[in-house]
Amino acid sequence: MRKIEETVRQYIAKEQLLSADALHLVALSGGADSVALLLILKRLGYTMEAVHCNFHLRGEESNRDEIFVRELCEKVEVKLHLIHFDTVAYAELHQVSIEMAARQLRYRYFEQLRQDIGAEEVCVAHHRDDAVETLLMNLVRGTGIHGLTGIRPRNGHVVRPLLCLSREQIVSYLEGIGQPFVTDSTNLVPDVVRNKLRLQVIPLLQEINPAVAENIAKTARHLSEVEQLYDQAIQQSMDKVFDGKAVEIAALMKETSPESVLYELLTPRGFMPSQVEQVFSALTGPSGRTFSSATHDAVVDRGRLLIEAHREPLPVLRIPEEGTYRHADSGRLRVSVSNEVHVSKEAYCATLDADKVVFPLTLRPVQTGDRFQPFGMKGSRLVSDFLTDRKCSLIDKKRQLVVTDREGCIVWLVGMRTDQRFAVDSSTNQVLIVSYEATNGGNT
């Protein structure tokens, strides 16, 4: 038994997981893994308190686990924190799976409790076989290199001191000291991916090679080292090709692994691996292809891939008379009349002939087919063509605003150009001043 405890002690020291003089919180379900974690850490001399979550998902079995945990903590003289969750109601409210609901509730409470009692770390009982299962799950689902490194020994304040042990070693340890534990019956049914891997796939692989779990774990450790080199190289590539708003496609294609760079840029922004493949194939095609995740848009636009977080559509604002008008959260429009005839040279301030502009005015986004007569020109032009000539991106075009008069004629392409038909000239008696101020510090 001391050999197991010494293995854990050395692993904790190697990974710098726990401080000897600090308080730690141990997640205790009552299963073999968490019971072993509690007892090993206590025997190694760490100061700890335990926490148990009752998710009320398994009827009397959930209550049985709570009773077991209470009695165990009393026996070994460890303070226990208990909390009850209505997991089903939470899952329905937040529209997540029961498994995800339990995870969110558990870790949110762990962090809250950790702060409340002044604990340094939250210790959870994942072991080597859990890491192997996680790697296989990610491999089956399709993942990048980050998904093939198993479970990390540390994630913020959550640490996993038992990753150096197999499930078999843990059970053997408990049997050796005569310590009982409870079994979650749902783990014995191959109804979800992890259970199928644990109960069906891994035993089959062990028939081929009894050391398969250990070998996969070794591979994961090697990949963790490779991952550090990979992350460094990818970051250097991203710094070269991505300015925070757009990817220069020509520069991307010169990188050693352009699709990998694109994958690491897009997946944190919600794009699925299959979408990344589609985006990569579209980079050498015509402009205009747009791809969307739940949070971002990616648009191929004249040698660049524009990446932008979703924004609410700009609203339509009716302006019946002079005054200052709030334009949703994006800005303010000010409209006034002046007897001082002048022409503004500021981009976001338009001066028009007041007698030529008829209220009510409307502030709205550009629409397909919009035309106007740019100041200084004789003929009319499509707004879209004008914006293209100004090298505006497709995303910028969607955010472009115009001011129209009562008849729907564009009097001002905001920030760009006024319409010649409403321009100030030698016959102007009063000037209509229309200015737009973006409250976020940017333009439209």
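Before any of the text, the structure's been laid out above.
Residues numbered from 1 in each chain as written. Predicted model: local features only at pLDDT ≥ 70, side-chain atom pairs only at ≥ 80, totals over all residues. Heavy atoms only, no water.

1. Description of the sheet that holds strand β2 (residues 47–54)
Alright, step 1. In space, the 6 strands of this open sheet follow the order β3-β2-β1-β4-β6-β5, with mixed pairing throughout. What marks the edges here is a single partner per strand, and that holds for β3 (80–84) and β5 (154–155).
Alright, step 2. For strand β1 (residues 23–27) and β2, the ladder comprises 5 bridges, and the chain directions are parallel. Looking at β2, one finds that Leu23 is bridged to Thr47. (Pairing = 2+ DSSP bridges. Helix = DSSP H or I, 4+ residues; strand = E, 2+ residues; numbered from the N terminus.)

2. Some thoughts on the sheet that holds strand β14 (residues 349–353)
Alright, step 1. The strand order across the open sheet built from 4 strands is β12-β13-β21-β14, with neighbouring strands paired in antiparallel fashion. Pairing within the sheet leaves two strands with one partner each, and these edge strands are β12 (323–327) and β14. Mean inter-strand twist for the sheet, computed between neighbouring axes without regard to direction, equals 15 degrees.
Alright, step 2. Alignment of β14 against strand β21 (residues 431–438), held across 5 bridges, turns out to be antiparallel. The residue bridging Ala350 from the neighbouring strand is Val434, located in β21. (Axes fitted to C-alpha atoms, helices over the stretch in contact; angles between N-to-C directions.)

3. Overview of the side chain of Ser34
Alright, step 1. Structurally, Ser34 is set in helix α2 (residues 32–43).
Alright, step 2. Ser34 gets classed as buried once you look at its relative accessible area, which sits at 4%.
Alright, step 3. The contact partners of Ser34, leaving out residues within four places of it in the chain, are Ala27, Leu28, Ser29 and Ala125. (Buried < 20%, exposed > 50% of the residue type's maximum accessible area, 1.4 Å probe, protein only. Contact = heavy atoms within 4.5 Å.)

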